[in-house]
Amino acid sequence: MTGRSLVAARLAGIVVLSAGLALLDASGQAFWQGLVINLAIFLILVVALNLSSGFTGVFSLGHIGFMALGAYISAILTLPLREKGDFLPNLPSWLAGVHLDQRVGVLPLGFFLATIIAAVLVSGIAWVVGRVLMRLSGHFVAVATLGFLVIVRVVLFNADAFTRGSRTFSNVTPYTNLWWAWSWALLAIYVAWRLKRSPYGRDMLAQREDRVAAQAVGIRVMEPRLLAFVVGAFFSAVAGSIYAHFVTSFSPTVFYFDLTFRVITMLVIGGMGSVSGSVIGAVLIIVVTEGLRRIEDATLLYGLSQIILAVIFLLIIVFRREGLLGQRELSLDRWIARRAPRPVEQNVPPPA
């Protein structure tokens, strides 16, 4: 296929997705809209975790901590002044007067700025933490990142002036919609896909397979690991901001083991190191979970969905440890090229 044909095919895919979102948005089906927004949030989280755990092999259990920080920072920034004064009366003066609740027409510009600010601040924290943790490997880094998640949880519980502690943080403006969620999801997928094919991505995959051999041929280890960790933290914070402005009420208990292992299950089932696998794993788990939830409601066998998901996870680990796709990618270009009509060869007589 020509370059123009490939660009046209990709644009067609975006148009089809946009049309589907427009139809869902116009339908007024709040349940299905919420389900699709949740899918976008999980897509961002799985892709973000894949950047670190899949591309570099540095298995992180702390990325939900970055999501929690992004949720709280963005929610504090977008609270209107009146709600902030009543709801968080003990905020420092330099923060109490900040309210990014401005709109430009129908565009919530303040929400966008709050999301960017939260993601950048969380990326800075990830850079500081990663300078230490990315020197570790194997189960050592898994335990260390889990310790980071525990630290974030303790800080959120005790920073009562900022987070209300163990009480529910509510009154968040519901800015998140289908378009915001899926715009960020597509951006996260594109960034991960481009990063995998960049020189940094090749360094990530090489040192993942054999760190000593990679260092022996001059491949860097610390820089690509740190880059993957920071970019993953950026998008985890974005997912936190989208989540906070979707549910509008949350507490530190949300961002802990249950959410962590759900994201890990999506990543492992899809395939660590595969961007396509991240998408497939997230879609599969969301669909299976929703189907099992309906079965639970009909049979009153509550907890059945967790048991079945755990069994699926164990079967994948035992019989297909690399996941459904492993490190392979589903290529839309190749799929289209195979189905595109081939040009008819014409028999041109040779010159006399």
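Everything numeric here is computed off the predicted structure, so don't read it as measured data. (Residues numbered from 1 in each chain as written. Predicted model: local features only at pLDDT ≥ 70, side-chain atom pairs only at ≥ 80, totals over all residues. Heavy atoms only, no water.)

Trainee: Please explain the nonpolar core as it appears in this structure.
Mentor: Note that soluble globular proteins tend to have their nonpolar side chains buried in a common cluster. If you look at the biggest cluster of nonpolar residues, it comprises 95 residues, and the most contacted ones within it are Phe169, Phe250 and Phe255. Those residues in contact with phenylalanine 255 that sit more than four places away from it in its chain are Ile64, Met67, Ala68, Ala71, Tyr72, Leu149, Tyr243 and Phe250. (Core = buried A, V, L, I, M, F, W, Y, C linked by side-chain atoms within 4.5 Å. Buried < 20%, exposed > 50% of the residue type's maximum accessible area, 1.4 Å probe, protein only. Contact = heavy atoms within 4.5 Å.)

Trainee: Is there a simple way to explain a nonpolar patch on the surface in this structure?
Mentor: Nonpolar side chains collect at one region of the surface, where Val104, Leu107, Leu109, Phe112, Leu113, Ile117 and Leu121 lie side by side and expose about 560 Å² of accessible area between them. Within the secondary structure, isoleucine 117 sits in helix H6 (residues 109-133). (Patch = residues over 30% accessible without salt bridge, like charges linked within 9 Å, V, L, I, M, F, W, Y side chains within 5 Å. Areas by Shrake-Rupley, 256 points an atom, 1.4 Å probe, with all protein chains shown as cover. Salt bridge = Lys/Arg side-chain N within 4 Å of Asp/Glu carboxyl O. Helix = DSSP H or I, 4+ residues; strand = E, 2+ residues; numbered from the N terminus.)

Trainee: What am I meant to see in the layout of surface pockets here?
Mentor: Empty space among the atoms becomes visible once a probe the size of a water molecule is rolled across them. Of the pockets and cavities examined, the second largest pocket occupies roughly 610 Å³. Lining the second largest pocket are 22 residues, and of these Arg262, Ile285, Thr289, Gln306 and Leu309 sit closest to its centre. Across the lining of the second largest pocket, the residue classes break down as 11 nonpolar, 6 polar and 5 charged. (1 Å grid on protein atoms, 1.4 Å probe; cavity = no way out; pocket = protein on both sides within 12 Å on 5 of 7 lines; lining within 4 Å. Points joined across faces, edges and corners; volume = space filled by probe spheres on them. Nonpolar A, V, L, I, M, F, W, Y, C, P; charged D, E, K, R; others polar.)

Trainee: When you look at the packing of aromatic side chains in this model, what are you seeing that I'm missing?
Mentor: Geometrically, a pair of aromatic rings is defined through the distance of the ring centres and the angle of the planes. By the definition in use, this model includes 18 aromatic pairs. Where phenylalanine 250 meets phenylalanine 255, the ring centres are 6.1 Å apart and the plane angle is 80 degrees; that geometry is what we call edge-to-face. Within the aromatic cluster, the residues linked to one another by ring pairs are Tyr72, Phe87, Phe169, Tyr243, Phe250 and Phe255. Looking at arginine 153, its charged tip hangs above the ring of tyrosine 256, at a distance of 3.9 Å from the centre. We note arginine 220 situated over the ring of tyrosine 200; from NZ or CZ to the ring centre the distance is 4.7 Å. (Phe/Tyr/Trp six-rings, centres within 6.5 Å; stacked < 30°, edge-to-face > 60°. Lys NZ or Arg CZ within 6 Å of the ring centre and 35° of its normal.)

Trainee: I tried to follow empty space enclosed by the protein on my own but got confused; where do I start?
Mentor: The final tally for this structure, using the stated rule, is 1 cavity of 30 Å³ or more. What the largest cavity holds in volume is close to 60 Å³. Taken together, Leu45, Leu49, Ser60, Leu61, Gly62, His63, Ile64, Ser236, Thr260, Val263 and Ile264 form the lining of the largest cavity. For the lining of the largest cavity, the secondary structure elements donating two or more residues are helix H2 (30-54), helix H3 (63-78) and helix H13 (257-270). Ranked by residue count, the leading element in the lining of the largest cavity is H13, at 3 residues.

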